[in-house]
Amino acid sequence: MELKKLGTFDTDIVEANPIVFQGKLWMMEYIRDGSRTSGRYHSPAVNNSYFRFRDMEDMTTFSAPFGLGLHMGNAFVRDGKIIVTAVENWGAPRFYLMTSEDMVHWTEPKVFLEGEGWEGYNTSLCWADDRYVVVFELGAPRELVKEPFTMFFAESKDLVNWSLVPGASGYRDVYTGGPMIRYFDGWFYWTYLDGSYEHGFMTHIARSRDLKKWEHSYKNPVIRYDEDDRKVYPKVQLTADQQERIAKAEDINASDLDICDWQGKCCILYSWGNQRGKEFLALAEADCTEKEFCESFFP
C-alpha cells in the first residue's frame, strides 16, 4: 500500500474529516474562533467557532455553519444520517452529539458523555457489528489520564444511551492525540499522533479486539511529514499570502489523520505544520479501501 500525497488545500484548519454523503465527497471542517490560532481563519462566516461541510468536487461550495460555539467536531455517516460528535470547549468536561439527514436541519446538540474533572478534546466514531463506539481524548484528570493525552472509549446501540467500556483506554504512559477509530472483521483500528517538538510528530496505528489490549504496528508511522506537504492541491486557488506561508512554514507534524472510501480509493486527510498553531490541511490517497488501508499495517 503506497500513500500518495496530493497537496494542501487550506490553511488555519486542523480538525477535519472526509465523509461520503448522498453520493458526494464532503469535508467536515472545524473553524476555530480567533482565540485558538495566531489569527482568525482567513474567511470567517460567523463570529464564533462552528462546523461546516466543504464540497470536495469544486472546493468552493460549503454548507451553512452549524454547531456554533462547539469545538473539535467529527462526522460519521450511517444509514443516511450524519452524526457529529464534539466537545463543549477545549478542555471542557462535556461531549455533545447532533445528527442531520440533509446537512441543513440539525438536531439540538445533546450531552452524551461527561465526567467530573474531565478535560475533553477530540472524538471519532465507528460502527462495530451492533453498536456505535466512540473514542474520546482526555487531558485530565491525572488519575485517569496519567500522561496527557489519553484515549477512552464508550458505546451505544441507539446514540442516546451511552456507557463507558470498562478498562478500555489507549496508551496511558505516552502522549497520544488526534484519534481516528475504525472497525473491520472483529478488529478496532486506532490512529493517533505520537512524538515531541524535539523529534517531530507523526501518526501511528494500533489495533485491538477489546479496546483494552493494543497491538502496535511494526510498520509505523502511518504518515510522515516531508516536503511533499508543501504541494498545493490542484483543485484550489490559494492566495499569494497562503502560498508563501506554505512555502516557508516549519513542518514537524503529520497529524489528525482521517480516511474514507471514495471512487475505489482511500481518501486520506491530514494536517501538517508546527503543532503550535501554524497548521495546514492536506489530502493524500491510497489505491485501496479504508479496510485494506488499516489492515495493511498488520500481518
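Residues numbered from 1 in each chain as written. Predicted model: local features only at pLDDT ≥ 70, side-chain atom pairs only at ≥ 80, totals over all residues. Heavy atoms only, no water.

Participant: Looking at this structure, I do not really get unusual backbone geometry. What am I missing?
Facilitator: Glycine aside, residues mostly have negative phi, and peptide bonds are mostly found in the trans state. Each neighbour pair has its own omega, and for Pro148 with Phe149 the value is 0°, a cis peptide bond. Within the element layout of this structure, Phe149 appears in the loop between helix H1 (142–145) and strand E11 (150–156). Residue Pro221 is bonded to the preceding Asn220 through a cis peptide linkage, with omega at 0°. By the secondary structure assignment, Pro221 is in the loop between strand E16 (215–216) and helix H2 (240–248). For Met72, which is not glycine, the phi torsion reads 55° and is therefore positive. Tracing the chain through its elements places Met72 in strand E5 (residues 71–78). Exposure remark for Met72: the relative accessible area of 4% places this residue in the buried category. Phi is positive for Asp79, close to 50°, though the residue is something other than glycine. Relative to the helices and strands, Asp79 is located in the loop between E5 and strand E6 (81–87). (Helix = DSSP H or I, 4+ residues; strand = E, 2+ residues; numbered from the N terminus. Buried < 20%, exposed > 50% of the residue type's maximum accessible area, 1.4 Å probe, protein only.)

Participant: Explain the state of the cysteines here, please?
Facilitator: Covalent bonding between the sulfur atoms of two cysteines is what defines a disulfide. A complete count under the given rule lists zero disulfides for this structure. The thiol of Cys126 is unpaired, and the distance to the nearest cysteine sulfur, on Cys294, comes to 10 Å. Looking at Cys126, the relative accessible area reads 3%, which means it is buried. (Disulfide = S-S within 2.5 Å.)

Participant: What exactly am I supposed to notice about the sheet that holds E5 here?
Facilitator: The pairing of strands in a sheet comes from backbone hydrogen bonds and takes either a parallel or an antiparallel form. Strand order in the open sheet made by the four strands is E5-E6-E7-E8, with antiparallel pairing throughout. The open sheet terminates on both sides in strands that have one partner only, identified here as E5 and strand E8 (110–114). Put simply, the sheet's adjacent strands are angled 25° from each other on average, direction ignored. (Pairing = 2+ DSSP bridges. Axes fitted to C-alpha atoms, helices over the stretch in contact; angles between N-to-C directions.)

Participant: Just to check I follow, could you spell out the packing of aromatic side chains for this structure?
Facilitator: Aromatic rings considered in pairs are described by the distance between their centres and by the relative angle of their planes. The tally for this structure, following the rule as stated, stands at 25 aromatic pairs. When the ring of Tyr30 is compared with that of Phe51, the centres are 6.0 Å apart and the planes differ by 65°; the resulting orientation is edge-to-face. Of this pair, Tyr30 sits in strand E3 (residues 24–31) while Phe51 sits in strand E4 (residues 50–55), and the two are 21 residues apart along the sequence. Tyr30 gets classed as buried once you look at its relative accessible area, which sits at 0%. The rings of Tyr30, Phe51, Phe53, Phe66 and Trp106 are connected pair by pair, giving a single aromatic cluster. Stacked on the ring of Trp127, the Lys or Arg Arg78 has its end atom at 3.6 Å from the ring centre. The ring of Trp187 has Arg207 sitting right over it, with the charged end atom 3.8 Å from the ring centre. (Phe/Tyr/Trp six-rings, centres within 6.5 Å; stacked < 30°, edge-to-face > 60°. Lys NZ or Arg CZ within 6 Å of the ring centre and 35° of its normal.)

Participant: What am I meant to see in the environment of Ile246 here?
Facilitator: Counting through the fold element by element, Ile246 comes out in helix H2. The exposure class of Ile246 is buried, given its relative accessible area of 1%. In this structure, the C-alpha to C-alpha distance between Ile246 and Cys294, residues 48 residues apart in sequence, is 29 Å.

Participant: Hey, could you run me through the nonpolar core in this one?
Facilitator: One broad trend across soluble globular proteins is that nonpolar side chains are buried collectively. In terms of nonpolar packing, the biggest core is built from 43 residues, with Phe9, Ile259, Ile268, Leu283 and Phe293 touching the most fellow members. Contributions of two or more residues to this core are made by E3, strand E13 (177–184), strand E14 (187–196), strand E17 (253–262), strand E18 (265–273), strand E19 (279–286) and helix H3 (290–295). Once residues within four sequence positions are removed from consideration, Ile259 is found in contact with Pro18, Met180, Arg182, Cys266, Cys267, Ile268, Glu290, Phe293 and Cys294. One finds Phe21, Leu97, Val134 and Trp162 within the second-largest nonpolar core, a separate group that totals 37 residues. (Core = buried A, V, L, I, M, F, W, Y, C linked by side-chain atoms within 4.5 Å. Contact = heavy atoms within 4.5 Å.)

Participant: Help me out: how do you make sense of the sheet that holds E4 in this one?
Facilitator: An order of E2-E3-E4 is seen for the three strands of this open sheet, with the pairing classed as antiparallel. Of all the strands in the sheet, just strand E2 (16–21) and E4 have a single pairing partner and so form its edges. Each strand of the sheet is rotated relative to its neighbour by a mean of 30°, with strand direction disregarded. Across six bridges, E3 lies against E4 in antiparallel orientation. Note on E4: the bridge partner recorded for Met27 is Arg54.

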